[in-house]
Amino acid sequence: MNIKSLQEPLTKTEKSDLERYKVAITKLAHSYMECYPMLLDLRDRRLYREECSTFEEFCQKHWGFTRRWVNEVIGAGVAVQGLPENLGTKVPNLAAARVLKKIKPEKRADAVKKAAKNGDSVAQALEDIRKQQEEEAGIVTHEATDCEGYPIPAGLEEFYDRRSETDAILRQLTQVRVWFKKLWDANDPLVRYVPQHVRQHLDDAWTCIKESRPDVVCLHCDGKNSEKCGACKGTGFISRWRADNDTTGKRAARNKKLKK
Ligand SMILES: [Zn+2]
């Protein structure tokens, strides 16, 4: 790495690009196809250099993105962008794009055409094709599992990896709750216009975020048909709390599969 260029101050154009990216990526964090070109440019032009010593540190600081998540988003975006005309629209989500990235570049277009015909889950269809290719090449891979040892379907691992982001939000929110409690208890004038029911809202926010943590592969769709699943809202995962409080008998069925 060129140390001198790392220390170079940002030019006016670089500064304005950086500010634009900071705002846009915060807004578009859910859309990997819109985010990845900006992340790529930020990384390649080292626009982070005045603030952080590494790209990873910058992404963690501003958006809480892990190194793996950023690499996945960039890799997936590049893979979809590299498809011939219009084929990119047949890759419906990041889960599918992630699997696409693992398929050899020269075989991607054919794989997407084949997977798109399969209907339900493009990610799963692409994964089947990928596995078949690996088997043909004699490669053995180990399956990823959730915290209970249940296999995570293709393309969903990176969302599962984001549990640490949930934990980071919860930690911060806890600090805010403690801080407010102190001020309220002391009748501090700083919070004179902040009514007590805000405390309940903060508690509710904490609970809802905790309930969104991707802990367990969805008991209802098994993460395989998550696009249409109301239980996991398209993510393939539910929280441990939701899993443990399931009243439909799916928890027991899963435990049986796990031989618990
Ligand atoms: Zn589901």
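Residues numbered from 1 in each chain as written. Predicted model: local features only at pLDDT ≥ 70, side-chain atom pairs only at ≥ 80, totals over all residues.

**Student:** Explain the overall build of the protein to me, please; I cannot follow it from the model alone.
**Tutor:** When helices and strands are counted, the protein shows 13 helices and two strands. The principal-axis extents of the C-alpha atoms in the protein amount to approximately 70 × 60 × 30 Å. With 260 residues in all, the protein has 26% of them scored as buried. (Helix = DSSP H or I, 4+ residues; strand = E, 2+ residues; numbered from the N terminus. Buried ≥ 20, exposed ≤ 12 C-beta atoms within 10 Å, placed from the backbone.)

**Student:** Before we go on, may I ask you to explain the nonpolar core in this structure?
**Tutor:** The tendency in soluble globular proteins is for nonpolar side chains to be buried side by side. Grouped together as the largest cluster of nonpolar side chains are 49 residues, with contacts concentrated most on Val-73, Ala-96, Ala-97, Leu-100, Leu-126 and Phe-237. Split by domain, the residues of this core number at least three in each of domain 1 (3-65) and domain 2 (75-141). Residues within four places of Leu-126 in sequence aside, it is in contact with Ala-96, Val-99, Leu-100, Ile-103, Ala-111 and Ala-115. (Core = buried A, V, L, I, M, F, W, Y, C linked by C-beta atoms within 7 Å. Domains from an automatic or database assignment. Contact = placed C-beta atoms within 7 Å.)

**Student:** Is there a simple way to think about the packing of helix α5 (residues 67-81) against helix α6 (residues 94-102) in this case?
**Tutor:** Contact geometry of α5 with α6 gives a least axis separation of 8 Å together with a crossing angle of 80 degrees. Put simply, α5 runs roughly perpendicular to α6. The residues of α6 that touch α5, namely those facing Glu-72, Gly-75, Ala-76, Ala-79 and Val-80, are Leu-94, Ala-97, Arg-98, Leu-100 and Lys-101. Within the contact of α5 with α6, the residues separate by chemical class into six nonpolar, one polar and three charged. (Axes fitted to C-alpha atoms, helices over the stretch in contact; angles between N-to-C directions. Parallel < 35°, antiparallel > 145°, perpendicular 65-115°, else oblique. Nonpolar A, V, L, I, M, F, W, Y, C, P; charged D, E, K, R; others polar.)

**Student:** Could you clarify how one ought to interpret the environment of Val-198 in this entry?
**Tutor:** Position of Val-198 among the secondary structure elements: in helix α11 (residues 197-211). Note: C-alpha distance between Val-198 and Lys-12 (186 residues apart in sequence) is 42 Å.

**Student:** Help me understand the environment of Thr-248 in this model?
**Tutor:** Structurally, Thr-248 is set in the loop between α12 (240-244) and α13 (250-257). For the pair formed by Thr-248 and Leu-219, sequence separation is 29 residues and the distance between their alpha carbons is 9.6 Å.

**Student:** Honestly, unusual backbone geometry in this entry has me stumped. Any pointers?
**Tutor:** The phi torsion of most residues other than glycine is negative, and most of the peptide bonds are trans. Of note, the phi angle at Arg-46 is positive, near 50 degrees, even though the residue is not glycine. The backbone phi angle of Asn-187 is positive, close to 50 degrees, even though this residue is not glycine.

**Student:** Any chance you could explain the packing of helix α7 (residues 108-117) against helix α8 (residues 122-137) here in plain terms?
**Tutor:** What describes two packed helices is the angle between their axes and the distance between those same axes. Remark: α7 packs on α8, axes separated minimally by 8 Å, with the N-to-C direction vectors making an angle of 130 degrees. Relative to α8, the element α7 lies oblique. Seen from above, α7 lies across α8 with right-handed handedness. Facing Ala-111, Lys-114, Ala-115 and Ala-116 of α7, the residues of α8 in contact are Val-122, Ala-125, Leu-126 and Ile-129. Tallied by class, residues from the contact of α7 with α8 come to seven nonpolar, no polar and one charged. (Left-handed = near helix turned anticlockwise from the far one by under 90°.)

**Student:** Explanation requested: helix α3 (residues 32-44) in the structure shown.
**Tutor:** Its 13 residues give α3 an end-to-end C-alpha distance of 17 Å, which sits within 8% of 18 Å, the value for a rise of 1.5 Å per residue. Looking at the buried positions of α3, the neighbouring elements they touch are α2 (12-28), α5 and α6. (Expected span 1.5 Å × (residues − 1).)

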